[in-house]
Amino acid sequence: MKTLLVILFSSFAGISIAQDIVAAAGAEKTVIGNHYDVSLVFETRKSWGAGVFYQTGINRDGGESRLKNQFYGVSLQAPIAKSQRLSFTVVLRTGLVNEKFLVVTPSFETRLLITQKAGMTVGAGLRSGYPSLSAKLFVRLF
Amino acid sequence: MKTLHLILAFITVLLINACEPEADLYRKFVIRTGEHYSTTRIVQSLQSNNLRFDAIFDASAIYDFQQEGFQDSKNKLLGFSDCNSLHHENSARFVWQWFNNRLEIYAYCYVNGERIEKFIGVVNIDEVNHYELSIVGDRYVFQLNHADPVSIDRGSVCNTGLYYMLWPYFGGSLPAPHTITIQLKIAN
């Protein structure tokens, strides 16, 4: 996993100098329940990006909360179209679920810049063979 | 203020979204006359140690090849290939056959390339039955409804990697003699 991260980051650094590091947090409604995620993406001027993410569901049994279906790994982002405040991207997340199962999930995201540094993203993807919906808030760190 | 409104709208959408009723998750798999593979074709990987699902067979599961050698060929229901293995190397599946005028369910595994089958039980047509296939340490554990579990030892495979799902397939060597329909709902 570490090797994969190093290769991804170095290849993107070769293509273009980063414009932003984008931190995001949000939720995804999937067929296996609601999941909550955080991510850090290294993004180029043209909205290409690569980053890392962590996502988990929460199981509430008898008043006790436990994390379920933890999913972490790397994400790749490719631009489709972009205007001043709105952009459309395709995102591919690859990682491990429950520390064991390799999973690839594609999604299509629409991003709206609300202020100069922050905004929101809504997306539709495929998770566990069924459609999923996501919403996130993001902030550009640098 | 505009920003605040947008954030509130965002949170509202999330909350409303969380209160939606559950969707019907049954998928209909159809194996057409003369075919082995079912449609819809889906690419999916396993995401936990337990594959739990409900299945409904209808009268199309009844067939007669008039030769025992073909009649007891196992038709695949659902399962997965084990860690980074092809399914003829290491895999575990529930399979079925119409034999002795009843619908028989078996555990069906490839373990280091060797095929292993064990009888599990009998199910009825047009009835919902619950199936569980779990990876428990070095074993696959199969359970049909509340019957006693059946276990088969796993081969020497890795632990972390790709476990791709294996969907309904007719055969055996002979293709479906008529269109066969199976409904599956994977529990999450």
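Fair warning: this is a prediction, and the values are worked out from it, not measured in the lab.

Q: Would you take a moment to explain the overall build of chain B for this structure?
A: On a plain count of helices and strands, chain B comes out with two helices and eleven strands. When the helices and strands of chain B are read in sequence order from the N terminus, they spell out α-β-β-α-β-β-β-β-β-β-β-β-β. Residues classed as buried in chain B amount to 27% of the 188 residues present. In chain B, the share of contacts with a sequence separation of at least 24, taken over all contacts with a separation of at least 6, comes to 64%.

Q: What's the story with the nonpolar core in this structure? I'm lost.
A: If you look at soluble globular proteins, the nonpolar side chains tend to sit buried side by side. Among the nonpolar cores identified, the biggest contains 40 residues, and Phe94(B), Ile105(B), Ala107(B) and Leu133(B) are the most heavily contacted of them. It is strand E5 (residues 102-111) of chain B that provides the largest number of residues to this core, a total of six residues. Not counting residues within four places of it along the chain, the set of residues in contact with Ala107(B) comprises Phe94(B), Glu117(B), Lys118(B), Ile120(B), Phe142(B), Val150(B) and Ile152(B). In this structure, Val41(A), Phe42(A), Ala50(A) and Phe138(A) belong to the second largest nonpolar core, which totals seven residues.

Q: It is not clear to me how the confidence of the model for chain B should be interpreted in this structure. Could you clarify?
A: Do not read the predicted coordinates in detail wherever pLDDT is low. On average, chain B scores 89 in pLDDT, and the residues at 70 or more come to 87%. In the model output, the complex is listed with pTM 0.84 alongside ipTM 0.82.

Q: Help me understand the environment of Glu117(B) in this model?
A: Residue and element names in this part refer to chain B. Structurally, glutamate 117 is set in strand E6 (residues 114-123). Note on glutamate 117: 13 C-beta atoms within 10 Å, which makes it partly exposed. With 32 residues separating them in the primary sequence, glutamate 117 and proline 149 have C-alpha atoms 14 Å apart. Once residues lying within four places of it in the same chain are set aside, the contact partners of glutamate 117 are Lys74, Tyr106, Ala107 and Tyr108.

Q: Where do I start with the sheet that holds strand E11 (residues 180-186) of chain B in this structure?
A: Hydrogen bonds between backbone atoms are what pair the strands of a sheet, whose relative direction is either parallel or antiparallel. All names here are of chain B. Strand order in the open sheet formed by six strands is E1-E11-E2-E7-E8-E9, and the pairing between neighbours is antiparallel. The open sheet has two edge strands with one neighbour each: strand E1 (27-31) and strand E9 (150-153). For this sheet the average axis-to-axis angle between neighbouring strands, irrespective of direction, equals 25°. When E1 meets E11, the two strands line up antiparallel, connected through five bridges. Its bridge partner being in E11, phenylalanine 29 is matched across the sheet by isoleucine 182.

Q: I keep staring at the sheet that holds E5(B) and nothing clicks. Help me out?
A: Residue and element names in this part refer to chain B. Strand order across the open sheet formed by five strands is E6-E5-E4-E3-E10, with antiparallel pairing between neighbours. Sheet topology places E6 and strand E10 (165-166) at the edges, where each strand pairs with a single neighbour. For E5 and E6, the ladder comprises nine bridges, and the chain directions are antiparallel. Residue pairing in the sheet places leucine 103 in a bridge with valine 123 of E6.

Q: I tried to follow unusual backbone geometry on my own but got confused; where do I start?
A: All names here are of chain B. Threonine 40 follows threonine 39 through a cis peptide bond whose omega is 10°. Here the bond from glycine 171 into glycine 172 is cis, since omega is -5°, no more than 30 degrees from zero. Among the secondary structure elements, glycine 172 is positioned in the loop between E10 and E11. In the Ramachandran plot, asparagine 100 falls in the positive-phi region, its phi being about 55° despite a non-glycine side chain. Within the secondary structure layout, asparagine 100 lies in the loop between strand E4 (91-99) and E5. Overall, the presence of 10 C-beta atoms within 10 Å leaves asparagine 100 in the exposed class. Despite not being glycine, asparagine 112 has its phi angle at roughly 50°, a positive value. As for its placement among the helices and strands, asparagine 112 is situated in the loop between E5 and E6. For asparagine 112, a count of 12 C-beta atoms within 10 Å corresponds to the exposed category.

Q: When you look at the pairing of E5(B) in this model, what are you seeing that I'm missing?
A: Moving residue by residue along a regular strand, the side chains alternate between the two faces of the sheet. All names here are of chain B. In this sheet, E5 lies alongside E4 in antiparallel orientation, the contact comprising nine bridges. Bridge pairing in E5 links phenylalanine 99 to arginine 102. Here E4 folds back onto E5 in antiparallel fashion, the turn holding two residues, of which asparagine 100 has a positive phi close to 55°. Remark: two residues form the turn of the hairpin made by E5 and E6, two consecutive strands paired antiparallel; asparagine 112 in that turn has positive phi of roughly 50°.

Conventions adopted
Residues numbered from 1 in each chain as written. Chains lettered and ligands numbered in written order. Predicted model: local features only at pLDDT ≥ 70, side-chain atom pairs only at ≥ 80, totals over all residues. Helix = DSSP H or I, 4+ residues; strand = E, 2+ residues; numbered from the N terminus. Buried ≥ 20, exposed ≤ 12 C-beta atoms within 10 Å, placed from the backbone. Contact = placed C-beta atoms within 7 Å. Core = buried A, V, L, I, M, F, W, Y, C linked by C-beta atoms within 7 Å. pLDDT = per-residue confidence, 0-100. Pairing = 2+ DSSP bridges. Axes fitted to C-alpha atoms, helices over the stretch in contact; angles between N-to-C directions.

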